[in-house]
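The residues making up each chain are set out below.
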Amino acid sequence: MTYNGGAKMAKTIIIAEAGVNHNGSLDLAFELIDQAVAVGADIVKFQAFNSSQIVTQSLSKASYQKVNTGGQDSQLAMLKKLELSRADHERLIEHCQKKSIKYLSSVFDLQSLNDLVNYFGITEVKLGSGEITNGPLLLKIAQLQCDVILSTGMCDLVDIQRALSILAFGYLDRSEYPTRATFEAAFNSVEAQKILKEKVVLLHCTTAYPAPINDINLYAMDTMRNTFLLPVGYSDHSLGINIAIAAVARGAIMLEKHFTLDKNLPGPDHKASLDPREFARMVTAIREVEVALGNAEKKVTPSELDHFDIVRKHLVAAQTIKKGEKFTERNIAVKRSQGKISPIYFWEILGETADKDYVIDDVIS
């Protein structure tokens, strides 16, 4: 994984979350990849799941899904239409390679994880917020030594630490029986902490579609970073691009945003996504913010040098001063000028003797 270090990187990793916005169509998925490249995303992400393994037959859709998809069919029925086969993912991976953009997928079940890792050789996966308590999946990801991007919506610090503890146990490949005690022991080991820093990115997230502004809480990124000493990014479910840009300015090393070709397409996530024009604007703004963040060194910049002698003030004669007279608070003034002596030294000049004649506005030399 290239996101280690815990501090703000020079370049934010931008993920175009295609998710299920392909609506079950490979042609639409290919176009999403092409457009992700065009708008400047670093990664395009899909979802790998077996519907029958992740949701019960009777579970209803979330309220936003009912609004966006209509009808009263179950989550299972909806997800079945959006499920991609192993062969589908193979073609998506090949298309990403052809277009020189990184493929990434969220995983929701053990079979999908096995396909990605053992069939395709994928070494990095994404876990959505709903999986942060999925102990068996967390453990298997770590046992397979996968890097993981972990969203933390609907979580507090205890939830996050429990998930990290399971990952730590799996990465260490310990022989003890998995229990809370053995997980915590693994998490608290120096070796596991080092591995977690190399293999895990936490994403702050608000699991709502769209996420209300007053629930965003970007300061939580600081809390997560300071608590776990891991790199932290942001998975944005808010409308528009403002919050995503603010998250980068706040120190997010990774930014994930839902991406669609058309927000009016049928499906659960299109309306809370950015279309290509909006996504491109976001990428441009983020890249500008990265440049503006600079390197933390406080110094005079090259662009300021042209204004230095015009804006800065210097000591000048406030009235006629004869050679041999002493400088006083009455006969010297502070004005913008191309002078020699900064007014920071005003009091040191007082009482000194003029070495030549001065008229009003002559610079004191």
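Caption draft 1: Looking closely at the overall build of the chain. From N to C terminus, the chain includes 15 helices and 10 strands. Relative to the 2.2 N^0.38 estimate, which gives 21 Å for 365 residues, the radius of gyration of the chain is 29 Å and therefore markedly larger than a compact globule would have. For the chain, with 365 residues in total, the buried portion stands at 50%.

Caption draft 2: Summary view of the nonpolar core. Membership of the largest hydrophobic core comes to 79 residues, with the highest contact counts inside it found for Leu164, Leu202 and Phe279. When residues of this core are assigned to their parent elements, the largest contribution, nine residues, is made by helix 8 (residues 157–172). Once residues within four sequence positions are removed from consideration, Phe279 is found in contact with Ile14, Ile15, Ala16, Val39, Ala41, Lys257, His258, Phe259 and Leu274. Residues Phe327, Ile341, Phe346 and Ile349 belong to the second largest nonpolar core, which totals 11 residues.

Caption draft 3: Broad picture of the pairing of strand 9 (residues 313–317). Most of strand 9 is tucked away, with four of its five residues classed as buried. As paired strands, strand 9 and strand 10 (residues 332–336) are joined by five bridges and run antiparallel to one another. Across the sheet, residue His314 finds its bridge partner in strand 10, namely Lys335.

Caption draft 4: Quick look at unusual backbone geometry. Here Tyr209 and Pro210 are connected by a cis peptide whose omega angle stands at 0°. Looking at the secondary structure, you find Pro210 in the loop between strand 6 (200–205) and helix 11 (219–228). A positive phi angle is found at Ser100, which is not glycine, with a value near 60°.

Caption draft 5: The arrangement of the pattern of salt bridges in detail. Taken as a whole and judged by the stated rule, the model has 17 salt bridges. Its salt-bridge partner being Glu17, residue Lys45 comes within 2.7 Å of it at the nearest N-O pair. Within this pair, whereas Lys45 is found in strand 2 (residues 43–48), its partner Glu17 is found in strand 1 (residues 13–19), the two being separated by 28 residues in sequence. You'll find Lys45 and Glu17 in the same group, each marked buried.

Caption draft 6: Spatial organisation of the side chain of Asp147. Take Asp147: it is sitting in strand 5 (residues 147–151). At a separation of 2.9 Å, a polar atom in the side chain of Asp147 contacts the side chain of Lys199.

Caption draft 7: Local environment of the packing of helix 7 (residues 135–143) against helix 8. The contact between helix 7 and helix 8 brings their axes to 7 Å, and the two run at 40°. Read as a crossing pair, helix 7 and helix 8 show a hand that is right-handed. Contact residues: helix 7 offers Gly135, Leu138, Leu139, Ala142 and Gln143, while helix 8 offers Ala163, Ile166, Leu167, Phe169, Gly170 and Tyr171. For the contact of helix 7 with helix 8, a count of residues per class yields eight nonpolar, three polar and no charged.

Caption draft 8: The arrangement of helix 1 (residues 26–39) in detail. If you check helix 1, its first and last C-alpha atoms are 20 Å apart, about what 14 residues at 1.5 Å a residue would give, namely 20 Å. Within helix 1, burial applies to Leu26, Leu28, Ala29, Phe30, Leu32, Ile33, Ala36 and Val39. In this structure Ser25 caps helix 1, since a side-chain oxygen of it lies 3.4 Å from the backbone nitrogen of Asp27. Just beyond helix 1, the residue with positive phi is Gly40, at close to 95°.

Caption draft 9: The pairing of strand 2, seen in detail. Of all six residues in strand 2, six are buried; the element is thus mostly enclosed. Of the two faces of strand 2, both are covered, the one formed by Ile43, Lys45 and Gln47 as well as the one formed by Val44, Phe46 and Ala48. Handedness of the β-α-β unit built from strand 1, helix 1 and strand 2 comes out right-handed. Of the pairings in the sheet, the one linking strand 2 to strand 3 (residues 102–107) comprises six bridges and is parallel in character. When the bridges of strand 3 are listed, Ile43 appears paired with Lys102.

Caption draft 10: Local environment of helix 8. Relative to the 22 Å expected for 16 residues at 1.5 Å per residue, helix 8 spans 22 Å between its end C-alpha atoms, a close match to the ideal helical length. Where helix 8 is concerned, the buried positions are Ile160, Ala163, Leu164, Ser165, Ile166, Leu167, Ala168, Phe169, Gly170, Tyr171 and Leu172. Structurally, helix 8 contributes buried residues whose contacts are with helix 7, strand 5, helix 9 (180–187), helix 10 (190–199), strand 6 and helix 11. N-cap assignment for helix 8: the residue whose side-chain oxygen lies 3.1 Å from the backbone N of Val158 is Asp156.

Caption draft 11: Representation of the environment of Ser337. Secondary-structure assignment places Ser337 in the loop between strand 10 and helix 15 (346–349). Measuring from C-alpha to C-alpha, the distance between Ser337 and Leu315 comes to 8.3 Å, with 22 residues separating the pair along the chain. Apart from the residues within four sequence positions on either side, Ser337 is in contact with Asp309, Arg312, His314, Val316 and Val363.

Caption draft 12: Structural view of the environment of Lys81. The topology assignment puts Lys81 in helix 4 (residues 75–82). Its relative accessible area of 58% is what places Lys81 among the exposed residues. Sequence spacing of Lys81 and Asp173 is 92 residues, and the spatial spacing of their C-alpha atoms is 37 Å.

About the thresholds
Residues numbered from 1 in each chain as written. Predicted model: local features only at pLDDT ≥ 70, side-chain atom pairs only at ≥ 80, totals over all residues. Heavy atoms only, no water. Helix = DSSP H or I, 4+ residues; strand = E, 2+ residues; numbered from the N terminus. Rg over C-alpha atoms; globule rule 2.2 N^0.38 Å. Buried < 20%, exposed > 50% of the residue type's maximum accessible area, 1.4 Å probe, protein only. Core = buried A, V, L, I, M, F, W, Y, C linked by side-chain atoms within 4.5 Å. Contact = heavy atoms within 4.5 Å. Pairing = 2+ DSSP bridges. Salt bridge = Lys/Arg side-chain N within 4 Å of Asp/Glu carboxyl O. Polar contact = N/O pair within 3.5 Å; in protein donor to acceptor, adjacent residues only side chain to side chain. Axes fitted to C-alpha atoms, helices over the stretch in contact; angles between N-to-C directions. Left-handed = near helix turned anticlockwise from the far one by under 90°. Nonpolar A, V, L, I, M, F, W, Y, C, P; charged D, E, K, R; others polar. Expected span 1.5 Å × (residues − 1). Right-handed = clockwise from strand over helix to strand, strands pointing away.

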